[in-house]
Structures are given as structure tokens and as C-alpha cells.
Amino acid sequence: MYKYVLKRLAWMIPIILGVSVIIFCILSVTPGDPGTFILGAGGTQADVDELNRKLGYDLPAWQRYFKYMFGALRLDLGTSYMTKLSVLDEVLAKAPVSVSVAFLGILTSLVIGIPLGVLSAVKQYSLLDAIPTFLAIFLAAAPSFWVGLMLMVFFSVKLGWLPSQGITSIKGYFMPMLSLGLIYGAQTLRFTRSSMLETIRQDYVRTAKAKGASERAVIWKHAMQNALLPVITVTGNNFGALLGGAIVTETLFGLPGLGTYIVAGIKAKDIPVVMGGTISLAILFSIVMLLMDLLYAYVDPRIKAKYAGNRG
Amino acid sequence: MAETLLEVKDLAVKYKTDLETVFAVNGISFSLNKGETLGIVGETGAGKTTTALTILRLLPERVGVVGKGQVLFEGEDLLALPEHDMMKKRGDKISMIFQDPMTSLNPVHTIGGQIAEALRLHNEKNRTREQLEARVDEVLEMVGIPPSRKGDYPHQFSGGMKQRVVIAMALACEPDLLIADEPTTALDVTIQAQVLLLMRELRDRLQTAMILITHDLGVVAQMCDRVAVMYAGELVEKGTLADIFTGARHHPYTQGLFGSIPKLEDESKTLLHPIDGLMPDPTDLPEGCRFLPRCPHACEKCKEKQEDIALSPTHTARCHMLERKV
Amino acid sequence: MEAMKSYASDGAITMKKPSQIKEIWRRFRKNKLAMAGLIVLSVMILAAVFAEQIGTYQSAIAMDVKNKLQNPSWQHIFGTDGYGRDLFIRCVHGGRVSLFIGFAASIAGMLCGGILGMISAYYGNKFDNAVMRTLDVFSAIPTILLALTLVAALGQGIVNIIVALVISRIPAFARIVRASTLGVVDQDYIEAARAGGTSDYHIMLKHIIPNIVGPLIVQTTMNVSSMILQTASLSFLGLGISAPRPEWGALISEAKEYIRIKPFMILFPGLCIILASASINLLGDGLRDALDPRLKS
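Residues numbered from 1 in each chain as written. Chains lettered and ligands numbered in written order. Predicted model: local features only at pLDDT ≥ 70, side-chain atom pairs only at ≥ 80, totals over all residues. Heavy atoms only, no water.

A. Representation of the overall build of chain C in the model. Of regular secondary structure, chain C possesses 13 helices and 0 strands. Listing the helices and strands of chain C from first to last along the sequence gives α-α-α-α-α-α-α-α-α-α-α-α-α. When the backbone C-alpha atoms are referred to their principal axes, chain C occupies close to 75 × 45 × 30 Å. Across the 297 residues that make up chain C, the buried fraction comes to 52%. Just so you have it, chain C exposes about 13,600 Å², and 64% of that area is on carbon and sulfur atoms. (Helix = DSSP H or I, 4+ residues; strand = E, 2+ residues; numbered from the N terminus. Buried < 20%, exposed > 50% of the residue type's maximum accessible area, 1.4 Å probe, protein only. Areas by Shrake-Rupley, 256 points an atom, 1.4 Å probe, with all protein chains shown as cover.)

B. Representation of the packing of aromatic side chains. All names here are of chain B. The full count for this structure, using the stated rule, is 14 aromatic pairs over all chains. Relative to Tyr253, the ring of Tyr231 lies with its centre 4.4 Å away and its plane at 45°, an arrangement referred to as tilted. Residue Tyr231 is found in strand E9 (residues 226-231), and its partner Tyr253 is found in helix H10 (residues 252-258); the two are separated by 22 residues along the sequence. Note on Tyr231 and Phe291: the rings are 5.3 Å apart at their centroids and 90° apart in plane angle, and the pair reads as edge-to-face. Placement of the pair is Tyr231 in strand E9 and Phe291 in the loop between H10 and strand E11 (309-312), with a sequence separation of 60 residues. (Phe/Tyr/Trp six-rings, centres within 6.5 Å; stacked < 30°, edge-to-face > 60°.)

C. Region of the structure containing a nonpolar patch on the surface. A grouping of Tyr201(C), Leu205(C), Ile209(C), Val213(C) and Ile217(C) is seen on the molecular surface, where their side chains present a nonpolar patch of about 440 Å² in accessible area. Mapped onto the elements, Ile209(C) comes out in helix H11 (residues 200-236). (Patch = residues over 30% accessible without salt bridge, like charges linked within 9 Å, V, L, I, M, F, W, Y side chains within 5 Å. Salt bridge = Lys/Arg side-chain N within 4 Å of Asp/Glu carboxyl O.)

D. Expanded view of the pattern of salt bridges. Enumeration according to the criterion identifies 34 salt bridges over all chains in this entry. A salt bridge links Asp285(C) to Arg288(C); the nearest nitrogen and oxygen atoms lie 3.3 Å apart. Here the residue Asp285(C) and the residue Arg288(C) both occupy positions in helix H13 (residues 264-291), the gap between them amounting to 3 residues, near one helical turn. Its salt-bridge partner being Arg288(C), residue Asp289(C) comes within 3.8 Å of it at the nearest N-O pair. For Arg288(C), a relative accessible area of 35% translates into the label partly exposed. Ionic contacts of the salt-bridge type, sharing partners, join the residues Arg190(A), Asp285(C), Arg288(C) and Asp289(C) into one network.

E. Region of interest: the interface of chain A and chain C. Across the contact, 48 residues belong to chain A and 43 residues belong to chain C. Counting each side, the surface lost to burial between chain A and chain C is near 3,800 Å², with a carbon and sulfur contribution of 79%. For the pair chain A and chain C, the number of links is 1 salt bridge. Note that Asp285(C) is salt-bridged to Arg190(A), the shortest N-O span being 3.5 Å. Counting every contact that joins chain A to chain C gives 4 residue pairs in polar contact (both at pLDDT 80 or more). Across the side of chain A that touches chain C, the residue classes break down as 33 nonpolar, 9 polar and 6 charged. (Contact = heavy atoms within 4.5 Å. Buried area = accessible area lost by both parts, 1.4 Å probe. Polar contact = N/O pair within 3.5 Å; in protein donor to acceptor, adjacent residues only side chain to side chain. Nonpolar A, V, L, I, M, F, W, Y, C, P; charged D, E, K, R; others polar.)

F. Up close: the side chain of Lys211(A). Following the sequence through the fold, Lys211(A) ends up in the loop between helix H9 (203-210) and helix H10 (215-253). Lys211(A) has contacts with His222(A), Arg90(B), Gly91(B), Gln114(B), Glu117(B), Ala118(B), Leu121(B), His122(B) and Met169(B), leaving out every residue within four places of it along the chain.

G. Here's a closer look at helix H1 (residues 48-56) of chain B. Residue and element names in this part refer to chain B. Burial within H1 is extensive, with 9 of its 9 residues counted as buried. Along H1, the residues that are buried comprise Lys48, Thr49, Thr50, Thr51, Ala52, Leu53, Thr54, Ile55 and Leu56. Of the residues trailing H1, Arg57 is marked for its positive phi of about 55°.

H. Representation of the environment of Tyr231(B) in the model. Residues and elements named next belong to chain B. Here Tyr231 falls in the buried class, since its relative accessible area comes to 1%. With 41 residues separating them in the primary sequence, Tyr231 and Thr190 have C-alpha atoms 29 Å apart. Ignoring sequence-local partners within four residues, the contact set of Tyr231 consists of Glu43, Ala46, Val236, Tyr253, Leu278, Met279, Pro280, Arg290, Phe291 and Arg294.

I. Molecular detail of H13(C). Its 28 residues place the ends of H13(C) 40 Å apart at the C-alpha level, agreeing with the 40 Å of an ideal helix rising 1.5 Å per residue. For H13(C), the tally of buried residues reaches 22 of 28 residues, placing the bulk of the element in the interior. (Expected span 1.5 Å × (residues − 1).)

J. The interface of chain B and chain A, seen in detail. Taken together, the contacts link 28 residues of chain B with 22 residues of chain A. Of all residues in chain B, the largest losses of buried area upon contact with chain A belong to Phe98(B), Val108(B) and Glu117(B), amounting jointly to 23% of the total for that side. Between chain B and chain A we count 2 salt bridges in total. Between Lys221(A) and Glu117(B) there is a salt bridge whose closest N-O contact spans 3.9 Å. Linking chain B to chain A there are 11 residue pairs in polar contact (both at pLDDT 80 or more). Going through the elements one at a time, H1, strand E6 (94-97), helix H3 (101-104) and helix H4 (111-121) of chain B are the ones with two or more residues in the side of chain B that touches chain A. Among the elements that make up the side of chain B that touches chain A, the one with the highest residue count is H4(B) (5 residues). Within the side of chain B that touches chain A, the residues separate by chemical class into 14 nonpolar, 8 polar and 6 charged.

K. Representation of the packing of helix H6 (residues 87-123) of chain C against helix H12 (residues 248-255) of chain C. Residue and element names in this part refer to chain C. Their axes nearest at 7 Å, the elements H6 and H12 cross at an angle of 135°. Viewed along their axes, H6 and H12 adopt a mutual orientation that is oblique. Contacts from Leu87, Arg90, Cys91, Gly94, Gly95, Ser98 and Leu99 in H6 reach Trp248, Leu251 and Glu254 in H12. Residue composition of the contact of H6 with H12, grouped by class: 5 nonpolar, 3 polar and 2 charged. (Axes fitted to C-alpha atoms, helices over the stretch in contact; angles between N-to-C directions. Parallel < 35°, antiparallel > 145°, perpendicular 65-115°, else oblique.)

L. Structural view of the packing of helix H2 (residues 20-30) of chain C against helix H3 (residues 32-49) of chain C. Residue and element names in this part refer to chain C. At a closest axis distance of 5 Å, the pairing of H2 and H3 adopts a crossing angle of 100°. In terms of axis orientation, H2 runs roughly perpendicular to H3. Taking contact as the criterion, the partners of Trp25, Phe28, Arg29 and Lys30 in H2 are, on H3, Lys32, Ala34, Met35 and Leu38. For the contact of H2 with H3, the per-class residue count stands at 5 nonpolar, no polar and 3 charged.

M. Region of interest: the environment of Gln75(C). Within the fold, Gln75(C) resides in the loop between helix H5 (57-61) and H6. Once the C-alpha coordinates of Gln75(C) and Asp86(C) are considered, the two residues, 11 residues apart in sequence, prove to be 9.0 Å apart.

N. Fine view of the environment of Trp220(A). Relative to the assigned elements, Trp220(A) resides in helix H10. Along the backbone, Trp220(A) and Gly43(A) are 177 residues apart, and their C-alpha atoms lie at a distance of 69 Å.

O. Just the sheet that holds strand E1 (residues 4-16) of chain B, in detail. Residue and element names in this part refer to chain B. The 4 strands are arranged E2-E1-E4-E5 in an open sheet whose pairing can be described as antiparallel. Strand pairing shows two members of the sheet lacking a second neighbour, strand E2 (21-33) and strand E5 (76-77), which therefore form its edges. Pairing geometry for E1 and strand E4 (residues 64-73), over 8 bridges, is antiparallel. Bridged to Glu7 within E4 is Leu72. (Pairing = 2+ DSSP bridges.)

Structural data, given as C-alpha cells:
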């Protein structure tokens, strides 16, 4: 098992390298240079060149890449072209916001999605199936920022209970959490439902019934654990997607997370910011995926055996 | 006269989906005495498994519907029992072994845990946890699995071993009736023999009555006291093992099944001989004899509804041609 | 259950065989939700195709400040926006853009990712390994972020957005197709075809594609809705369709500043997106069930 974890952690290195190459390439072909961007229309070509030289932007792209990566090895992610702030410090300050929003969102989605999903599978064809399923279809089709805006209309504009922007108080987390929770909860619900329906048709569920187990015992003891296995995978993927996908939600609610940081960087062609932000997201993503795999191994003995074996 | 354990009377089952209605079982009757083994043979899709599931009331919900009939177990109609009482019977009085041991066990629970569950569900004697565990060891040993492996998960066992686990689970509570649905079909030939031997031994030791569903006539010859031949949801011929294997007169379908009827002494496995044509569409069954389209002796009278013809006190067949010779 | 399955398959043989597509349609038609999805989607596509006839593009972008921020009425059933433009007409024209991008990006993504995944699975070994590892790298970048940087690099505009969405979606499609191809490649009939000297190209075209096309169509359909949502998100983040061209996401984004006074301006374009993407999802579900009836009870 430890071997497996180490192997996975080692595998993160080429992934991160690959991500940095891809993002750097895309950024290199993005039109514009930081000098022009910072000085605006007011700067002369000489001023712009001078500033670009100072920022190290006059070097060819591959040299800049290697310079950047050697810096990154010493945990120096450079400074923002625009703000002159250390990217590492900024990332360390913003990552917790993104992670906690994503985590709260996922947690809410599970709290909403799993019980309702199981319920609608068990009560298939009844109202208890129809209503959650309908809501799930609706929410799964809605853009996250639209759901967020609707919550804002309700909680901030109509009721005036919650701040529409920022996280100066703990209240600020509520709407981002709920909007992400609703959307991903809808997915979790649909997934739990179909997984559960699939599971209760399995032979071993019939075996359990043939042993004389009650409907309830069959569902909770035999079907549940098996049905949740694929749900774990989906939740892991959702969590990963949420880390980046929360960009929209972060922007909407004005949260100082990695998402807003990167978007601002992309718009300003602030290469160190985008590189640093994306690489940290990729690292977070890989860690989340690893944790999910470990959780999967914990609940599924077959997977555990595979990891523990020589192949792991 | 042996005591009747199970009596199925005029049972009909259909599967209803949005798209079609499948008439799986159409008015079958048979009975089973205590300690006796009945073999139900027939092609895939003849309604054998449906019959078994109906006895245990495990038909797929909403889809599987019992049209008519009774299933009397020790004189009590199982089809009329409340679900709660039926639950108590399942696994305790009546157990079932399913066809595919690979999928019959829950992959995330240990095999010991799954056997213990059967015991715990029917723990009228209020045995303690230790006593239950001791019983699990005993049952595992009975089917030839070292009790030290009870903490293992299903994926750690081979197909034959898994089927032993399933058998252990089914017999843990020493049921009066065991329904085995093609218990060896999914296994390798060498393993099949071992598992059959084990089942025969345990049946004899525990005095369990058994319904053995199979399409393997060799298995029937080895295991059964009586045989029922099923075709398109009907029992076309019923009789003792000797009636079916050595009797002079048979339903044309049975004749087709056997190709040439093998000698009882001949232990070699005789698989079904292919019969030309296919079973009738179960969504649209003909009124008269269901075997008519494939029968070499078909005539006008076959289009009428067929009755069981008694060939001997123990032997009946559902074909009018056999009537003339009586 | 077993008995029923085998019954059904036996029955299928004896049935007079209608053509496969007819059979799929027959099953699909029974699914009320999927039919509703199909109808709603068809109406929306028709509205998008005939957008000019419903209200000209000029009227969708021409400002009429006198009539700004009007509530829904018979004249303007969705009301008007901050520049006095009819929101219903803008939604219709927005649908043109959103639906076009959604379908185009989805189909192109399926083709690119699908070919990559199939070739990768078919040739296997080192090539497969290299492709899969590359895809792993791409998967570590959130799709929206990848699309965002690509749009920034390529510039805004419908074609560039489609390209960005396609690239960010290739890994997902490649994986799906690879997985289903792997399930087919091992089959005996492929071995037989190979042994018989059939060319790889021919095997892929005649033996593999027909066997994986069902689930692929379903995936592509479902993907249209996520493409529409992604496009909307890009517009919302300010790197999507740029003003004055209407697009559903951009319409919501524009309406955001009037959240305190005219929340309905956010409601309508949002409902358009939901209606379209829910219809597509239902259609996809229905297709999946119709293509593979075993999955349905």
C-alpha cells in the first residue's frame, strides 16, 4: 500500500511538468506582452522594452520556461508582473479558500445527493422518486453561476440575509457552498439512483433476499456499499472538477480563491500568476485523486488486494 | 406414503414490461415429498428459473406477476403469506443456490460474514456470537473449506470454491427444501463433478428435499428421484427417474430432448440433443400444444388444448397421441 | 430475471425482425421524458434556425434606449434589457450561437477524441501508453481553465471558442472510446478478421466502429449540454462571446448588473439554457435506454 502511494506521488512529478509545459506553451502564443499591458497606451516602445527586459520577458520562451522551472524547484514561483507580489505567498493564501469552498460544496452535494438518490431508487416510480429526479434534471442542466445568481436574488436581494460578495464573515461561505452543493448534488443524486438501481438487480442482492434478509437490510447492508463505490469515483472527479470549476463560483461571489486569481492572471497575461496558480491546482487535483483512490481501496476489498499485491 | 412437502398447483407467471408481456410459466402443477429430489429439465427459457423464483417469491418486483395458482409448502400457501412471514421461511425452511457463483456473493463482505448473516437472520435459539461463529466454521468444514478462510472475500476464491460457499450459506440453517438452479452449469467439468458429489452427500446427510433445475440429463440421472420436463412454461412430462429414462412411451419433446434415451447405468454425461426449430415466442403462445411447430408427429388434434395423459400411476405426459394406446 | 432475459432474447430471434433503427425508435418512443426532450429541443433548434424570421439580428443588437429595462409584456414577452433590446429576440439569437457551439464542439470533440482513443486502444502497447499518459496530464488541468487559457491565446470568437472547447474535451472522449474499443478488440471476431488478413483500417471501420457507435452517440449527445454550459461559463468569465452578439451565458452576465431591480433578466436566459440542456440530457438518457434495453428494468 505504501509503495502504491509513493508511486502515485512520484507520478505527480511528470504530470506537473506536463501541465507546466502545456500552460506555458499556450501562454507563449497568447498575443501581447506584459510591458504593453502594464504601461497601457501611454508607454513609449522604449519604456515597454525596458519594462519587458526588467521582467525578464525579453528572453526567448524556452529560456524563460527553464528559468521559471528552476526557480520553481527552489519553491520560487516568481512575482506577479502586475502586483509584484510573490506568487507563492499569494497561492498559499488563496488555496485554502478554494479548497474549503470545494470541500464544503462536495460535502453539501453528498448530503443532498446520496440520501435522495437512494430514496428515489428504492421508491422507484413513486412521487418520492419523481420529485427529486425532476429537480435533479433541472439543476444538472443549470449553469452554476445562474444558480448562484438565483440564490443571490433570494438571499441577498429579497431577504437581505446574506452578503452577495466576499467572505468577510462566515456567512459569505453559505451561498457558494449551496450553489455548488445543489449542482453537484443533482449529479450525485442521479448517479446514486442509477447505481443503486443497478445494484439492487445484482445476483448477490437476490442471494441476500433468499437468505431471508429484509428489504431494509438488503438495501443498507448489501446494496449500499456496492452502490456507493462508483459514487466515490464520481465524487472524486467532481471534487477535482470543483477545484477548477469553482472559478466561476469564486468569480460570481467575489471569493479570493485560486480561481479568481488565475482568471485575473489570464486576462492580464500575467504569466507567473497563471503558471503558479495552475500548477498548484494540478497538485491539489492529483492529491485529491490519490485520496479518493485510497478511500476506494478502503471500501472495496478487491481494489485493496490489487494495490497490496506486487502489481501495486 | 411419504409426506408431501411442497405442492405447486396450476401456477402461472408472466413478466410484464412496458413493451411486452412474456408468459413464462403457464399452469404447472407438481409435488415434492420430504427428502425427495425432483429434477426440472428443459431448454433455456422454458420457465425453470421463474418457477424457482416464484416458490421463493423473489420474482423481479412489478415485472414478475403471478397470474394464478398456489404454492403449498407444508400445506401453507406461500403466495398468500405476508412478506414478513415469507422472509422467515427464506433461508431457513427454503434455500436457493443460484446458477452463477461468481455473482451470487457480495463482493464487499467476507464469506464468513455472509454465512453468519444467514444464521443470524434465523436465530430462533438465540445463539451467542461465539456459537454462531462456531456454526460458520462447522458449515465451512462441511463443504470442504478450511474455516481459517472465513475472513476472506469472494474474489479470493475460485468459481468452484465460491459455489461451495453458496452451498454452505444455503444449508447453514438446514432447510427442508433446497432449490438449486443450474448449480454446476457455470463451473468447469471437473469441478462440476466434485460439487455434485458434495451436494448429494449433504442432501443425504441432512435429509433435505431438493428441486434441481438443470438442462444436463447426466446430472438428473445422478441426483434425482423424479423428473419433470418443462417446455415453454408447461410441464410436458412428469415421472420417476425410471419412467423418464427407461419408460417406453414419452412426449415427443422428451424424445427429442434425449435424442436416444440413454441407459440408466450409463453414467456418461448426455447433453441435450438439439431439436430443430426454436421455442415459440413467449409473448404470443399458441393455444394448443406448444411443441407443435417442432413436432415430427404433428396433426390437427395438436391444435386443441392438451391434457395430461397418465401412462402409469407415476408417469404422465401432455400429448394426445399417447392416449390412443391406453 | 434470468429466465426473462433468455425469454426476451429467444423471442427476439423468432420475431419478424424490423430494421434495427426502427426497433430503437420504437423503444425510444415509449420513453415519455425522452420524447418531451426531443420535442423541446426540436422547437429550440427550429427557433434558432429561423431566428431571422422571428426577429432580425439587427433588431437583436440595435439599441433603443427609450424602451430600456421594461418588464415582460405582450409586446416584449421577456422584457427589454439595459439598452432597450427585446430579450426574447436576444434569447432566440443567443440560442443560435449557444446551440451551434454546443453541437459543433461536441461532434468535433467526439471525432478527434474518438479517433485518438480508438487508434490508441487498437494498437495498444507503447503508443497507447504514451497517449494515455499525455491525456493524464491534460486531465490534471481543469477543463474550464484549459478552455479559458486557450480562448485567451486564440482570441474570442465562435470558431476559437469551439476549438478551445474541443481541445479541452478530447481527453474525456478519448478515454471513453478507448475503453469501449478495448472491450471489442479482444473479441474473437476481431482476431478472426486479423487472422484473415483484413487491414487495420478495414477492421476499425467495419468491426469496431459499429460496435462502439451506440454509446458514443449517447455520450456525444450528453456532451452537447455540457458544451453549452461551458460556453456560458466562458462568457460569464468575460472570455466567451463578446458584445453585442447575444449568447445565453453572455445574456445572464449582462443582466447581472440589474440583479437588484430586474431579476427576471437573469431568469429567462437561464431558463433557456436549462431547457436546452435538460432536453439534451433526457434525449441522451432515452437514447441510451433505447440502444441498450438490458440496462432498463
